[in-house]
Amino acid sequence: MAMNAYSRIKSASLASSSPRCVLGSGQYLDGRHLQSEMKLLSSRNRYAPVTGGSNYIDLVLSSGFLAFANHSGFLSAVEDAGLKVAGIMGTSAGALAGSLYCAGYTPRQVASELSRDAPIKLLNPSHAPWKGGLLSLDPVVERLRGLLPATFEELEKEFAVGVVDAQGRHILIDKGPLPEAVAASAAIPLIFQGVHIPGYGQQNPFKDGGVVDRVGLKAWRDRRRSQLASAGRQHEGGRLPPCLVHVIKRSSPFSGQDSVGATGEANVTVVHSPKSGVNFFSLGDFEQDMAKAARRTKLQVETLKTGSKLQPKGIDRKQLALTSQSSH
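Looking at an unreviewed UniProt entry, the protein carries the name Patatin, with the source organism given as Chlamydomonas eustigma.

*Asks:* When you look at the overall build of the protein in this model, what are you seeing that I'm missing?
*Replies:* Within the protein, the regular secondary structure consists of nine helices and 12 strands. Residues classed as buried in the protein amount to 52% of the 328 residues present. Summarising the internal contacts of the protein: among those between residues at least 6 apart in sequence, 72% fall at separations of at least 24. Accessible surface computed for the protein: about 15,100 Å², of which carbon and sulfur atoms make up 54%.

*Asks:* Is there a simple way to think about the packing of aromatic side chains in this case?
*Replies:* The geometry of an aromatic ring pair comes down to the distance between the two centres and the angle between the two planes. For the structure on display, the rule yields four aromatic pairs. Centre to centre, the rings of Phe-65 and Phe-280 are 5.3 Å apart; their planes meet at 65 degrees, and the pair counts as edge-to-face. Taken together, the positions of Phe-65 in the loop between β3 (57–61) and α3 (68–80) and Phe-280 in the loop between β12 (268–273) and α9 (286–306) put the pair 215 residues apart, joining distant regions of the chain. Between the aromatic rings of Phe-152 and Phe-159, the centroid separation amounts to 5.9 Å while the plane-to-plane angle is 20 degrees, which identifies the pairing as stacked.

*Asks:* Got a minute to help me understand the sheet that holds strand β6 (residues 133–136) in this structure?
*Replies:* The pairing of strands in a sheet happens through backbone hydrogen bonds and is either parallel or antiparallel. Overall, mixed pairing links the three strands, which are arranged β5-β6-β9 in an open sheet. Sheet topology places β5 (124–125) and β9 (190–192) at the edges, where each strand pairs with a single neighbour. Sheet analysis places β6 next to β9, joined by two bridges and oriented parallel. In the strand pairing of β9, Gly-133 is matched with Leu-190.

*Asks:* How do you make sense of the packing of helix α6 (residues 138–147) against helix α7 (residues 178–185) when you look at a structure like this?
*Replies:* For any two helices packed against each other, the geometry is given by the interaxial angle and the distance between the axes. Between α6 and α7, the least distance of the axes is 9 Å, while the angle of their chain directions is 135 degrees. With respect to α7, the axis of α6 lies oblique. Here α6 runs over α7; the crossing is right-handed. In contact with Val-140, Val-141, Leu-144 and Arg-145 of α6, α7 contributes Pro-179, Glu-180, Val-182 and Ala-183. Of the residues that constitute the contact of α6 with α7, the class distribution is six nonpolar, no polar and two charged.

*Asks:* Can you help me understand the pairing of β6 in this one?
*Replies:* A regular strand places its side chains on the two faces of the sheet in alternate fashion. With two bridges joining them, β5 and β6 adopt antiparallel strand pairing. When the bridges of β6 are listed, Pro-125 appears paired with Leu-135.

*Asks:* How should I be thinking about the environment of Ala-118 in this particular structure?
*Replies:* Relative to the elements of secondary structure, Ala-118 occurs in the loop between α5 (107–114) and β5. Between the C-alpha atom of Ala-118 and that of Phe-280, which follows or precedes it by 162 residues, the distance is 6.4 Å. Beyond its immediate chain neighbours, meaning those up to four positions away, Ala-118 contacts Phe-280 and Phe-281.

*Asks:* How should the environment of Thr-269 be read in this particular structure?
*Replies:* Secondary-structure assignment places Thr-269 in strand β12. Distance in space between the C-alpha atoms of Thr-269 and Val-245 is 6.1 Å, their sequence separation being 24 residues.

*Asks:* Please clarify how the confidence of the model for the protein should be interpreted in this entry.
*Replies:* Detailed conclusions should not be drawn from predicted coordinates in areas where pLDDT is low. Across the protein, pLDDT averages 80, with 74% of residues at or above 70. Confidence drops under pLDDT 50 across residues 12–44; counting only partners more than four residues distant or on other chains, this segment forms 27 contacts.

*Asks:* Looking at this structure, I do not really get the layout of surface pockets. What am I missing?
*Replies:* Over the atoms rolls a probe the size of a water molecule, and its path tells where empty space is left. Counted as a void, the largest pocket has a volume near 380 Å³. Residues of the lining of the largest pocket, tallied by class, amount to seven nonpolar, seven polar and four charged. In this structure, the second largest pocket spans a volume of roughly 290 Å³. Residue lining of the second largest pocket: 14 residues in total, with Ser-136, Asp-138, Gln-193, Gly-194 and Val-195 positioned closest to the centre. Those elements that place two or more of their residues in the lining of the second largest pocket are β5 and α6. Split into classes, the residues belonging to the lining of the second largest pocket amount to five nonpolar, six polar and three charged.

Conventions used here
The residue numbers shown here count from 1 along each chain, following its written sequence. Restriction of local features to residues with pLDDT of at least 70 applies here, the model being predicted, together with a cutoff of 80 or more for giving and counting side-chain atom pairs; totals for whole chains, interfaces and linings are based on all residues. The side-chain numbers reported here are obtained from all heavy atoms of the structure, hydrogens and water having been left aside. Secondary structure counts use DSSP, requiring at least four H or I residues in a row for a helix and at least two E residues in a row for a strand, with both numbered from the N terminus. Exposed residues in this analysis have more than 50% of their type's maximum accessible area, buried residues have under 20%, and partly exposed residues fall in between, with area computed by a 1.4 Å probe over protein chains only. In what follows, residue pairs with any heavy atoms lying within 4.5 Å of each other are defined as contacts. Computed by Shrake-Rupley with a 1.4 Å probe, the accessible areas treat only the displayed protein chains as cover when residues are assessed. Each aromatic pair joins two rings of Phe, Tyr and Trp (for Trp, the six-membered one) with centres within 6.5 Å, and gets the label stacked for planes under 30 degrees apart, edge-to-face for over 60, and tilted for any other angle. Following DSSP output, two strands are said to pair if at least two bridges run between them. To get an axis, fit a line to the C-alpha atoms, keeping to the stretch in contact for a helix; angles then go from 0 to 180 degrees between the N-to-C directions. Roughly parallel covers angles under 35 degrees, roughly antiparallel covers those over 145, roughly perpendicular covers 65 to 115, and oblique covers all other angles. In this scheme the handedness of a crossing depends on how the near helix is turned from the far one: anticlockwise by less than a right angle means left-handed, clockwise means right-handed. We call Asp, Glu, Lys and Arg charged. Ala, Val, Leu, Ile, Met, Phe, Trp, Tyr, Cys and Pro are nonpolar, and the rest, Gly among them, are polar. Per-residue confidence from the prediction method is given by pLDDT, with values spanning 0 to 100. A 1.4 Å probe that fits but cannot get out identifies a cavity on a 1 Å grid over protein atoms alone, an open set with protein on both sides within 12 Å along at least five of seven lines counts as a pocket, and a residue lines either if it has an atom within 4 Å of a point. Grid points are joined across faces, edges and corners, and a volume is the space filled by probe spheres set on the points.

Structure below.
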């Protein structure tokens, strides 16, 4: 895989030949300061597609029990069509797949990482099951630390996860420690212990956002509206990017709401996939499930790309005239 921004920063800061990096102006920065500067630049560049009014789309990946193959296939169809992705909102399985994609992994690499081991190999018995979960996600956090940058700010694309805090409130997290937040979004109550995210104080521990909202579309779009307002574009005809939502059929009747239509959001296209049907001991026929998800997504992706007659009502055709050049 080509080095993403985070990998290049990490390599520079760990270079043994010199503890400092030279800038074009002749100034020197040690690895720590270089990383800080690059994080700032990355953060600015990630917001540019939306606040700058370019033709990008957002992706929203719902929760779905171990639905890694479905989400990988969805991402594959999006990338094959050459759509430019501004940002991703993910919950539970969607958070795991979305975080890797935003870190620079291709859909095939996302699939490879998420199918590398049977899930049971990454789970430990909880030392305190009476606190709300039989299993611990500590090994998952450790695995993610090896795959992802340390913080949201270092990702190549905007990203947020849906979680539920200790008070039972559904919130988006898009700043600070990344591996812990992604794991927290997958912490199904009673099965997993909640995950503590450094810096979030009494809101800890966090659990699966799908308990309240399996999709998180409304929260993500509200975040986008705040960005446009902060950039002063709400009075300049600034509009939210079109959004392609992947909803996995619920596996539990106790999960949160997942009706995209009930949000009242416009410029949204939904792809529905069946529940995964897998378990902690086997992810089933991953390749076949991934291919099926890609085929389901292809028609809707082409609709977004070309603005065909199948285009959902209310979507602006000019806004959907996206380029065919891939963002990767």
